[in-house]
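These are the residues of each chain, in order.
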Amino acid sequence: MSNAIKKIEGITKESTQEMIDKALEVYPEKAKKKRVPHLAPNDGVSACVKSNRKTVPGVMSARGCAYAGAKGVVWGPIRDMVHVSHGPVGCGWYSWGTRRNLMTGINGVNQFAMQFTSDFQEKDIVYGGDKKLKTLLQEAHELFPLAKGISVLSECPVGLIGDDINSVAKQSSKELDIPIIPCNCEGFRGVSQSLGHHISNDTIRDHIIGTREFAEPETPYDIALIGDYNIGGDVWSVKPLLEEIGLNVKAVWTGDGELEKIAATHKVKLNIIHCYRSMNYMCRVMEEKYGIPWLEFNFFGPTKIRESLRAIAERFDDKIKENVERVIAKYDPIMQAVIDEYRPRLEGKKVMLYVGGLRPRHTVNAYADLGMVVVGSGYEFAHGDDYERTSPEMPEATVIYDDASEHELEEFVNTLRPDLVGSGIKEKYLFQKMGVPFRQMHSWDYSGPYHAYNGFPIFARDVDMAVNSPTWKLVKSPF
Amino acid sequence: MTAEAAVKYVTEIPEEEVKRVAEWINTEEYKEKNFARQALVINPPHACQPLGAELAAHGFEGTLPFVHGSQGCASYYRSTLNRHFREPAPAVSDSMTEDGAVFGGQNNLHEALENAYTIYKPKMMAIFTSCMPEIIGDDLTAFIKNARNKECVPQDFPLPYANTPSFNGSHIHGYDAMLLSILQTLTEGKQVEGRCTGKLNLIPGFDANTGNYREYKRILKEFGIPYTMLADISETFDSPLDGTYRTYPGGTKLDDAADSINGKATLTLGPYATAKTFTWIKDNFSGKHVSMPTPFGVEKTDALLLKLSELFGKPVPESLKAERGRAVDAITDAHQYIHGKKFALYGDPDYLMGYVSFLLEVGAKPYHILCSKGTKKVEKELQALLDSSQDGKDGKIYINKDLWHMRSLLMTDPVDAIIGDTHGKFAARDANIPLFRFGFPNFDRVNLHRYPLIGYQGVINMMTTICNKFIEIRDETCEERHFEMMR
């Protein structure tokens, strides 16, 4: 049972609508009209806001692009592949190591958390970069012989000049005898990073899945962990827990992931998915094509971990069910100790969230476990089904925002005066200048893991550290 | 072949194979292969033009950087500046998508100008391009003219723009292009015959160290020289935390920037990042024009002070003379910990010149010198610097190489330390040597951008950081019987 608070004193549908209206006052008419459907008080049942629409030009949006979704989220975290940012130098440089998807292995030997680019110059724009790509793939293969494959992630110019990376990849793949996956994820495609996730999933479908099988015999407990990107080591917290309940995690998509294991995922018995937004596409493909069922879960905070573990156990036999109960019984006291330590310091504190794929809804209960209440939530790049899942998690009439602009968030924070804002790097310093405690909830603010039982104590500590830091008391000077 | 035989299984790479390759990548043979690369670039330490353009734009009062292109680009530039300075970096994009690719970006530009002008109330919007409009050939001159006619912004609202294609040059060239356009826009029609502001225009170039800007100002104040610092990011990216968010906390006053054309003298420091701007200034600004290297180290600082003295007919103040003495004292006291140490260096040309100069004057050896985006001119100037000292004779220059090349150099021909930015940490770790983060960006250490590297104070800061690190290493690694009170 969820323990989230369902009503908040002082917040009504009217008060929230009034706050929204005020935030929109400053916009020109046309922009206002575009923004209105994306902001609403939570009705508790539906996707009350419109989403996955074009960003209004000229507003400070937090959104990225399709390339960011493909490189930073889906492909980038696969550790045993070379990921080529195909195009000018910038995109690869900016996305280099900034998402904190940690990896095992030796850098440059069997792990490639590096920045590979074709560094397009003017002549590549004029004459095309296909020839360069072909040479580059050969060089990458020679310099990194243990790389299991290469992904080619196209930046804006590649699509605009009409380079055919697909045929180069196909030919080179044959010549070098390794998988080379072309991914047409140019940044101008779609409205946000979300299309990049989708396109990448399609490339996994077309080029990878079903091309390998696990060497060891199948068991009824073979599962895949989908949509965990190992931010700050999240996977290293989740995988052992799943193994503790008796499941075999055969593949991880894609945090610290391995290409061949991903390629053999069609042989597992169940896919469990954390980041629904970025990878539901592939779960559906595997369900349709290979009959693999899938299940959403949430490993933030003991309440949701407990719920999720039991839901996972439901898909298996008594052995797993017993293991789950044993594991819950083992960790509950440990989690209670965390709650006992931090809850008195955080009780009743208000949180506002604005993040990416799953956290605006997944973390709501983790805060509730600490006695905190989320008074506003929203996504940079969600779709309707995400908001449908968010609405029941959020207290009634609290504000929900889609692709919020910095101005809107500023207005909401000014009105609601939360004790903590959880959002991204672009928002962080703005709110800290206002004296509002902040945690980066894309990157765990250089901390982590936050997932599963190992993550919750760290999450609790970090939230407390932000909210109760004595430094905030110094903000107002005595003179 | 049977169907069964065709199944490909998941295979693990054998331990010994991993070990073999791990050793191989440290060899001469690998280095040769690595240096033979023609197309692949690995770990380049430079960004693309628009990032520099945004930095320049942030240096002006009430200025909103405006990215004409895909929204993801703007997001990346902002994040990078946020991470380096740990400060807000407000900027907008006109969010061009597929239809922009087909029909051009004029509609996006117009809508965005109107929205941004209304919502964020800037005094100027500095427009620069990312890849997409550069490739489809958007005509910004026409678009902007049309925007004014459509009243997206008032007729006289300043809208400097710069073409900053990402497939050309690096962040320093974008900085130059944007700065040039801003100055051209603001100074247009502002030249007054016979007027002299009596002020010095100081242009620091692409410099992401807010402490440097403050240090320049302090030096000028000591001199009593009135000045206008152009593209002054010191307040923008080092604003006080007092409970109020200000969208535009700093920057050069637009009036001052406009009047800079009537200055007594203009001094650019960081010639590679201001080449075009300086050329234009020479032809258009009143007064004297001087371009000098970034003042890293005692000699280059001396040269700056002498130049200021000459330009304004004022003697170098006693306070700065004393400061020079203190800096020389500081490096003489510490030189034994750095003398003869070999360094690998990489970064932007202006910074590289400074590192080499500083190292040579304290008795260290600049050894592997790598510029990932350089020219023959950069190479020649670096070589001349090396040739100026006995300690420079072994130094080797690598132009247009990346940090994977650097790694090969470190493994096959080791040095004692690296000077660079955060991105060098992987190579430094593999080589087991310290990395001094004097460049941009610095994501993984706090507050460094507040410590000036220029001027005599910069000399003390660099020397202190480097020497204490070497002392620390000695303390941490020496045998117990050599663990001493005194170092």
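Residues numbered from 1 in each chain as written. Chains lettered and ligands numbered in written order. Predicted model: local features only at pLDDT ≥ 70, side-chain atom pairs only at ≥ 80, totals over all residues. Heavy atoms only, no water.

This is how it is decided: UniProt positions are given in the numbering used here, feature names are shortened, and annotations may be inferred rather than shown by experiment.
If you check an unreviewed UniProt entry, chain B appears there as Nitrogenase molybdenum-iron protein beta chain from Geotalea uraniireducens. For the record of chain B, the UniProt heading Subunit (unreviewed entry) holds the text "Tetramer of two alpha and two beta chains. Forms complex with the iron protein (nitrogenase component 2)." Check the Sequence similarities (unreviewed entry) section of the UniProt entry for chain B; it says "Belongs to the NifD/NifK/NifE/NifN family."

Per an unreviewed UniProt entry, chain A goes by the name Nitrogenase protein alpha chain and belongs to Geotalea uraniireducens. UniProt annotates chain A under Sequence similarities (unreviewed entry) with the comment "Belongs to the NifD/NifK/NifE/NifN family."

1. What to know about the domain arrangement of chain B
Residues and elements named next belong to chain B. Cut-off, in case you're wondering: An automatic or database domain assignment supplies the start and end points of every domain. For this analysis, residues touch if any pair of their heavy atoms sits within 4.5 Å. Computed with a 1.4 Å rolling probe, the buried area is the accessible surface lost when two parts are put together, summed over both parts. N or O atoms within 3.5 Å of each other form a polar contact, as long as, within protein, one can give a hydrogen and the other can take it, and as long as residues adjacent in sequence are counted only when both atoms are side-chain atoms. Under the DSSP-based scheme used, a helix requires at least four consecutive residues in state H or I and a strand at least two consecutive residues in state E, with every element numbered from the N terminus. Polar here means any residue other than Ala, Val, Leu, Ile, Met, Phe, Trp, Tyr, Cys and Pro, which are nonpolar, and Asp, Glu, Lys and Arg, which are charged; Gly is therefore polar.
By the assigned domains, chain B splits into domain 1 (49-187), domain 2 (200-317) and domain 3 (322-480). For domain 1 and domain 3, the distance between their C-alpha centres works out to 35 Å. Between domain 1 and domain 3, the residue contacts involve 11 residues of the former and 12 residues of the latter. The junction of domain 1 with domain 3 conceals about 1,000 Å² of combined surface from both sides, 64% of it contributed by carbon and sulfur atoms. Scanning the region where domain 1 abuts domain 3 turns up four residue pairs in polar contact (both at pLDDT 80 or more). For the side of domain 1 that touches domain 3, the secondary structure elements donating two or more residues are helix H4 (71-85) and helix H9 (171-187). At five residues, H4 tops the list of elements feeding residues into the side of domain 1 that touches domain 3. For the side of domain 1 that touches domain 3, the class distribution of residues is four nonpolar, five polar and two charged.

2. Focus on the nonpolar core
Keep this limit in mind: Here, nonpolar core refers to any group of buried Ala, Val, Leu, Ile, Met, Phe, Trp, Tyr and Cys residues whose side-chain atoms link them within 4.5 Å. Relative accessibility thresholds used throughout: buried, under 20% of the residue-type maximum; exposed, over 50%; partly exposed, between the two (1.4 Å probe, protein chains only).
Counting 230 residues, the largest nonpolar core has Leu242(A), Phe60(B) and Phe343(B) as its most contacted members. Ranked by residues supplied to this core, first place goes to helix H14 (residues 318-346) of chain A with 10 residues. Sequence-distant contacts of Leu242(A), defined by excluding residues within four places in its chain, comprise Ile223(A), Leu225(A), Leu247(A), Val249(A), Ile272(A), Phe299(A) and Ile312(A). Membership of the second largest hydrophobic core comes to 52 residues, among which are Ala112(B), Ile119(B), Cys152(B) and Phe157(B).

3. As for the packing of helix H3 (residues 49-58) of chain B against H4(B)
Geometrically, a packed helix pair is captured by the angle between its two axes and the distance between the axes. Residue and element names in this part refer to chain B. The test is simple: Here an angle of 0 to 180 degrees is reported between the N-to-C directions of two axes, which are lines fitted to C-alpha atoms, with helices fitted over the stretch in contact. The labels follow the angle: roughly parallel below 35 degrees, roughly antiparallel above 145, roughly perpendicular from 65 to 115, and oblique for the rest. Should the near helix be turned anticlockwise from the far one by less than a right angle, the crossing is left-handed, and should it be turned clockwise, the crossing is right-handed.
Axis separation between H3 and H4 bottoms out at 10 Å; the angle between their running directions is 60°. The angle between H3 and H4 places the two elements in the oblique class. As H3 runs across H4, the sense of the crossing is right-handed. On H4, the residues touching Pro50, Leu51, Glu54, Leu55 and His58 of H3 are Tyr77, Arg78, Thr80, Leu81 and Phe85. Per-class residue counts for the contact of H3 with H4 are six nonpolar, two polar and two charged.

4. Re the pattern of salt bridges
Residue and element names in this part refer to chain B. Where we set the bar: We define a salt bridge as a contact between a side-chain nitrogen of Lys or Arg and a carboxyl oxygen of Asp or Glu at a distance within 4 Å.
Inspection of every chain in the model, using the stated rule, returns 68 salt bridges over all chains. Note that Asp302 and Arg324 form a salt bridge whose closest N and O atoms lie 2.8 Å from each other. Within this pair, whereas Asp302 is found in helix H13 (residues 297-312), its partner Arg324 is found in helix H14 (residues 318-334), the two being separated by 22 residues in sequence. Assessed through its relative accessible area of 33%, Arg324 is described here as partly exposed.

5. Overview of H3(B)
Taken across its 10 residues, H3(B) has 10 buried, putting it largely inside the fold. Taken together, the buried positions of H3(B) are occupied by Gln49(B), Pro50(B), Leu51(B), Gly52(B), Ala53(B), Glu54(B), Leu55(B), Ala56(B), Ala57(B) and His58(B). Those residues of H3(B) that are buried are in contact with helix H4 (89-94) of chain A together with strand E2 (63-68), H4, strand E4 (124-129) and H9 of chain B.

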